Amino acid sequence: MGCYRCHHGSYYTDQILHDVGTAVPKDTPHTNWDTPTLIEVWRTAPYLHDGSAATIVDVLTTGNQKQKHGHTKHLSNEELEALAEYVLSL
């Protein structure tokens, strides 16, 4: 999926701003977002910069239309759920 490119190291973050394809017109000119740590991400819902993703599965699907937030469109529902459970376990 490529999540490790931005979510790596001890804190699962590269601490760099990225365009993950979630910007909306009202965000202009700001379109790059901080890479959040995945440590205890279960505490921080809702997700994405605008709170538009209620769950981690939402981040990986509806919040990831341009596949800039990981390459997940090929995953089955079962695989998406497993990935979400893993992320929530960190």
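About the criteria used
- Residues numbered from 1 in each chain as written.
- Predicted model: local features only at pLDDT ≥ 70, side-chain atom pairs only at ≥ 80, totals over all residues.
- Heavy atoms only, no water.
- Salt bridge = Lys/Arg side-chain N within 4 Å of Asp/Glu carboxyl O.
- Buried < 20%, exposed > 50% of the residue type's maximum accessible area, 1.4 Å probe, protein only.
- Helix = DSSP H or I, 4+ residues; strand = E, 2+ residues; numbered from the N terminus.
- Contact = heavy atoms within 4.5 Å.
- Polar contact = N/O pair within 3.5 Å; in protein donor to acceptor, adjacent residues only side chain to side chain.

*Asks:* Even after reading the chapter, I still don't get the pattern of salt bridges, so can you show me in this structure?
*Replies:* Where side chains of opposite charge bring their charged atoms close, a pairing between them can arise. A full pass over the atoms with the stated rule returns two salt bridges. Residue R43 is joined to E40 by a salt bridge in which the shortest nitrogen-to-oxygen separation is 2.6 Å. Overall, E40 belongs to the partly exposed group, its relative accessible area being 32%.

*Asks:* Sorry, what's going on with the environment of G63 here?
*Replies:* In this fold, G63 is placed in the loop between helix 1 (56-60) and helix 2 (77-89). Between the C-alpha atoms of G63 and H49, which are 14 residues apart in sequence, the distance is 11 Å. Excluding anything up to four places from it in sequence, G63 contacts T22, L48, D58 and H69.

*Asks:* Could you clarify how one ought to interpret the side chain of H7 in this entry?
*Replies:* With respect to the element layout, H7 can be found in the segment before strand 1 (17-18). Among the polar contacts listed, one links the side chain of H7 to the backbone oxygen of Y12, at a separation of 3.0 Å. Only 3.2 Å separates the side chain of H7 from the backbone oxygen of P36, close enough to count as a polar contact. Leave out the neighbours within four places in its chain, and H7 touches Y12, T13, T35, P36 and L38.

*Asks:* Mind showing me how you'd approach the environment of Y47 here?
*Replies:* Within the secondary structure layout, Y47 lies in the loop between strand 2 (33-34) and helix 1. Taking the relative accessible area as the measure of exposure, Y47 reaches 8% and is therefore buried. In this structure, the C-alpha to C-alpha distance between Y47 and N77, residues 30 residues apart in sequence, is 19 Å. Each residue touching Y47, except ones within four places of it in the same chain, is listed here: V41, W42, S52, A53, A54, T55, I56, V59 and L88.

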